[in-house]
Amino acid sequence: MSDTLIGFGARQRTRPALRVSGRAVAVRLRRFLSPVLLVVAWQIACSSGVLSTRLVASPAQIVTTGWSLLHDGTLPTNLSVSLIRAVSGLAIALVVGVSLALMSGLSRVGEDLIDAPLQILRTLPALALVPLFILWFGIGETPKVLLVALGATFPIYLNLHKGIRAIDPKLLEMARTLGLSRGRTIREVILPGALPDLLVGLRFAVGISWLMLVVAEQVNADSGIGHMMMDAEDFLRTDIILVGLFIYGLLGLASDQIVRFLETNLLAWRPSYRAVGRTS
Amino acid sequence: MSDVRRAPSGATAGQAVIVEGLTKRFGNGPAVLDRLDLAIAPGEFVALLGHSGSGKSTLLRTLCGLDDVTEGTVSRPSEVSVVFQESRLLPWKRVWQNVVLGQDGADRRARAEAVLREVGLGHRIDAWPLTLSGGEAQRAALARALVREPAFLLLDEPFAALDALTRLKMQQLVSDLWVRHRCAVLLVTHDVDEALLLADRAVVLERGRIRTDLPITLDRPRRHADPTFERLRATLLESLGVHDA
Ligand SMILES: Nc1ncnc2c1ncn2[C@@H]1O[C@H](COP(=O)(O)OP(=O)(O)OP(=O)(O)O)[C@@H](O)[C@H]1O
Ligand SMILES: [Mg+2]
């Protein structure tokens, strides 16, 4: 990038930089090297019969299956069902988690009423509630969406609550000396100050949402990526199962990118944000 | 703030700030402020000195309404602004939004721009606060205080965290701004020279009361080399318990 013609003295200085960027390219290639080698080895193992396709489908097989699932509509249908479940569960979690955190973060009474029970509840593994949810809500969409919502509510609540409580008291004092009303203090000082924590919570919540969804769809469902995979199990279709896994991976990756995008845009005021975001 | 009473008429009328018999203690500890009296005239610049822990910030917090008056009376103008040692800017609002925080009106940005120019920060109007240098942040805090056109400006060691050179510039700036705005000022400082450069009067807080009240009658601009400056300096240092050898 710095290979334009510059003055003699300057050029001498850019040389080490060039070498560094060359090394950076090599590092990037090296990162791709091992996954590519792995896939190649996997394909060879399958083709030569070392690995039984009853246990693991070959990469080529996965690609063809993925392609045909895409074309006959199986994948788009199930994917959209799963997406709707995840997004609605997450939306419920956002509304509930944010409301609870606001109530307990902004008032002492709210804290006494809300925080203690939630701190106890959060120690329960949410997945242990699957049988109860099926008993309560049957096997329709409700238990799946609610399971996602339940799992995702806690990280949102906990992080936002912590963020509200951790607002610098000096800033709150400043707001008082400026004569800001309570409502305005909440809007201009407390909420923006707690936003970084809310986004951390959201990132955890997204991860948990997928986890809850995988379990909910595999335990009982007649549609969704999880169901598609469970169905494939009956017919020993490891290729379909692996396509499902791959889709889950992509979904996790994509949602993480969305949260990252939100962070870089909403937290633009943090000068070091980009650098911090990269290293994490 | 219901404890803050209107100024009584008569002898004390014509003062911007009147503190009478103000007593303040934390818990069951000794009184930090002990029946303190203080009056500041409109447009008067008062420097408040005293040892660390003598109660300067406590007095200032009561004067700006952050702490309630429990014993004694305080009367002060309703338009009061404060600048603390830290700028206390909201990191998520741009500099100009910080300056007019809580202000209404369509001309908010224009007003912020004008006052930021005045403090020499016209080029950082749209900057994020975390990208400002220490001196710039204090200028922004000063702009935020001034945009409200206070009748009484409280400064709690506003330059203490700045380097010597920046501090000199900021002192000059405060002096210029005070000449232009003519509000009553109470400046808390540890720096005797700063008090002598800026203030009309230096008061020393000791054991909960104003024990020294020293008018500074030097002409402005003031110079350290002035023999009167030297004399006042020795007096102030003495009242702070620091003796020149
Ligand atoms: N919230 C509080 N609770 C208990 N004690 C306090 C509180 N605030 C101040 N104090 C005590 O009151 C005394 C005066 O404190 P203050 O902050 O007013 O001192 P100061 O003169 O501003 O000192 P410095 O020059 O170091 O800023 C100190 O002994 C301090 O410990
Ligand atoms: Mg102090």
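Cut-offs used in this document
- Numbers given to residues run from 1 along each chain, matching the order in which its sequence is written.
- Lettering of chains starts at A and numbering of ligands starts at 1, both following the order in which they are written.
- Only residues with pLDDT of at least 70 are given local features in this predicted model, and only at 80 or more are side-chain atom pairs given and counted; all residues enter the totals for whole chains, interfaces and linings.
- Excluding hydrogens and water, the side-chain values take into account all heavy atoms of the structure.
- Each axis is a line fitted through C-alpha atoms, and for a helix only the stretch in contact is used; angles between axes span 0 to 180 degrees, taken between their N-to-C directions.
- By definition, any uninterrupted DSSP run of H or I lasting at least four residues is a helix, any uninterrupted run of E lasting at least two residues is a strand, and each is numbered from the N terminus.
- Angle categories are assigned with fixed cut-offs, so that under 35 degrees is roughly parallel, over 145 is roughly antiparallel, 65 to 115 is roughly perpendicular, and the rest are oblique.
- For any pair of crossing helices, the crossing counts as left-handed if the nearer helix is rotated counterclockwise from the farther one by less than a right angle, and right-handed if it is rotated clockwise.
- Following the grouping adopted for this structure description, the nonpolar residues are Ala, Val, Leu, Ile, Met, Phe, Trp, Tyr, Cys and Pro, the charged ones are Asp, Glu, Lys and Arg, and the polar ones are all others, Gly among them.
- Residues are labelled near a given molecule or strand when at least one of their non-hydrogen atoms is within 4 Å of it.
- Distance and chemistry together define a polar contact, namely a pair of N or O atoms within 3.5 Å, with one atom able to donate a hydrogen and the other to accept it when in protein, and with adjacent residues in sequence counting only for side-chain atoms on both sides.
- The Shrake-Rupley method, run with a 1.4 Å probe, gives the accessible areas here. Residue values count only the displayed protein chains as cover.
- UniProt positions are given in the numbering used here, feature names are shortened, and annotations may be inferred rather than shown by experiment.
- Contacts were defined at the residue level, with two residues in contact if any of their heavy atoms lie within 4.5 Å.
- Two parts placed together each lose some accessible area under a 1.4 Å probe, and adding up what both lose gives the buried area.
- Only one rule defines a salt bridge in this text: a Lys or Arg side-chain nitrogen within 4 Å of an Asp or Glu carboxyl oxygen.
- Only protein chains enter the calculation, and the probe is 1.4 Å; a residue is then buried if its accessible area is under 20% of its type maximum, exposed if over 50%, and partly exposed in between.
- His is not counted, nor are the chain ends; Lys and Arg add positive charge and Asp and Glu add negative charge.
- Throughout this description, the term nonpolar core refers to a set of buried Ala, Val, Leu, Ile, Met, Phe, Trp, Tyr and Cys residues connected via side-chain atoms within 4.5 Å.
- Where each domain begins and ends is defined by an automated method or by a domain database.

What follows deals with the packing of helix α6 (residues 141–165) of chain A against helix α8 (residues 182–219) of chain A. All names here are of chain A. Packing of α6 against α8 brings their axes to within 7 Å, and their N-to-C directions diverge by 155 degrees. Overall, the two elements α6 and α8 adopt an arrangement that is roughly antiparallel. Between α6 and α8 lies a crossing whose hand is right-handed. For the contact of α6 with α8, the residue count by class is 18 nonpolar, 5 polar and 3 charged.

Take the site of ligand 1 next. All names here are of chain B. Around ligand 1 lies a shell formed by Phe26, Val32, His51, Ser52, Gly53, Ser54, Gly55, Lys56, Ser57, Thr58, Glu157 and His190. Within the backbone of Ser54, a nitrogen or oxygen atom sits 3.3 Å from an oxygen atom of ligand 1. In this structure, Lys56 approaches ligand 1 through a side-chain N or O atom, which is 2.7 Å from an oxygen atom. Considered on its own, ligand 1 offers 630 Å² of accessible surface; in the complex 54% of this is hidden by protein. With 3 residues, helix α1 (residues 56–63) is the single largest residue contributor to the shell around ligand 1. The class makeup of the residues in the shell around ligand 1 is 2 nonpolar, 8 polar and 2 charged.

A separate point is the UniProt feature "transmembrane region" (unreviewed entry) in chain A. Residue and element names in this part refer to chain A. In this structure's numbering, the residues bearing the UniProt feature "transmembrane region" (unreviewed entry) are residues 83–106, 118–139, 145–160 and 235–254. Measuring from the first to the last C-alpha atom of residues 83–106 gives 33 Å, for a span that is 100% helix and 0% strand. Between the C-alpha atoms that bound residues 118–139 there is a distance of 26 Å. The span itself is 55% helix and 0% strand.

The subject of this paragraph is the interface of chain A and chain B. Taken together, the contacts link 16 residues of chain A with 23 residues of chain B. Of the roughly 1900 Å² buried at the junction of chain A and chain B (both faces included), carbon and sulfur atoms supply 65%. The largest contributions to the chain A side of the interface with chain B come from Thr177, Leu178 and Trp269 of chain A, which together make up 31% of the buried area. Seen at the junction of chain A and chain B, the total is 5 salt bridges. One salt bridge in this structure joins Glu86 of chain B and Lys170 of chain A, with 3.5 Å as the shortest N-O distance. At the boundary of chain A and chain B, one finds 7 residue pairs in polar contact (both at pLDDT 80 or more). Of all elements in the fold, only α7 (169–177) and α8 of chain A reach the threshold of two or more residues within the side of chain A that touches chain B. Here the side of chain A that touches chain B takes 6 residues from α7 of chain A, the largest share from any one element.

All right, on to helix α9 (residues 225–234) of chain A then. All names here are of chain A. Every buried residue of α9 is accounted for by Ile225, Gly226, His227, Met228, Met229 and Ala232. On its buried face, α9 sits against α2 (59–71), α3 (74–106), α8 and α10 (238–266). Backbone geometry just after α9 places Leu236 at a positive phi near 55 degrees.

All names here are of chain B. In this fold, Ala141 is placed in helix α4 (residues 134–146). The spacing of Ala141 and Gln103 is 38 residues in sequence and 15 Å in space, taken between C-alpha atoms. Discounting residues that sit within four places of it in the chain, Ala141 has contacts with Val83, Ser87 and Leu89.

Okay, the side chain of Arg144 of chain B next. With respect to the helices and strands, the residue Arg144 of chain B is situated in helix α4. It is Glu86 of chain B that comes nearest to the buried, bridge-free Arg144 of chain B among opposite-charge side chains, at 8.4 Å. Excluding its chain neighbours within four sequence positions, the residues that come into contact with Arg144 of chain B are Met174 and Leu178 of chain A together with Ser87, Arg88, Leu89, Asn98 and Val99 of chain B.

Looking now at the environment of Gly21 of chain B. Residue and element names in this part refer to chain B. Here Gly21 is to be found in strand β1 (residues 17–25). Accessibility expressed as a relative area gives 25% for Gly21, which makes it partly exposed. Sequence separation of Gly21 and Phe84 is 63 residues, and the distance between their C-alpha atoms is 25 Å. Sequence-distant contacts of Gly21, that is, excluding residues within four places in its chain, are made with Arg35, Leu36, Asp37, Glu71 and Gly72.

Next up on the list: the nonpolar core. The biggest cluster of nonpolar side chains holds 57 residues, and the ones touching the most others in it are Val189 of chain A together with Leu90 of chain B. No other element matches α8 of chain A, which puts 13 residues into this core. Ignoring any residue separated from it by four or fewer positions in sequence, one finds Val189 of chain A in contact with Ile167, Leu171, Leu172, Ala175, Leu180 and Arg184 of chain A together with Leu90 and Trp92 of chain B. Within the second largest apolar cluster, 53 residues are counted, among which are Phe45, Leu146, Phe159 and Leu218 of chain B.

Quick look at the domain arrangement of chain B now. All names here are of chain B. For chain B, the assigned domains are domain 1 (2–79 + 151–239) and domain 2 (89–149). Each of domain 1 and domain 2 was reduced to a C-alpha centroid, and the two centroids are 25 Å apart. On the side of domain 2, 10 residues touch domain 1, which itself brings 14 residues to the contact. In total, domain 1 and domain 2 occlude about 1000 Å² of area from one another, counting both sides; carbon and sulfur atoms represent 70% of this. Connecting domain 1 to domain 2 are 1 salt bridge. A salt bridge links Glu118 to Arg180; its shortest N-O distance comes to 2.7 Å. Between domain 1 and domain 2 we count 3 residue pairs in polar contact (both at pLDDT 80 or more) in total. Per-element accounting of the side of domain 1 that touches domain 2 gives the leading share, 8 residues, to helix α5 (residues 164–181).

On the secondary structure map, Gly249 of chain A appears in helix α10. For Gly249 of chain A and Trp210 of chain A, which are 39 residues apart along the polypeptide, the C-alpha to C-alpha distance reads 9.6 Å.

Our focus in this paragraph is the UniProt feature "domain: ABC transmembrane type-1" (unreviewed entry) in chain A. When the UniProt feature table is mapped to this numbering, "domain: ABC transmembrane type-1" (unreviewed entry) covers residues 79–259 of chain A. The span residues 79–259 of chain A shows a helical share of 85% and a strand share of 0%, and its end C-alpha atoms are spaced 20 Å apart.

As recorded in UniProt, the sites labelled "domain: ABC transporter" (unreviewed entry) are residues 17–232 of chain B. Counting secondary structure, residues 17–232 of chain B comes out at 31% helix and 26% strand; the distance between its end C-alpha atoms is 25 Å.

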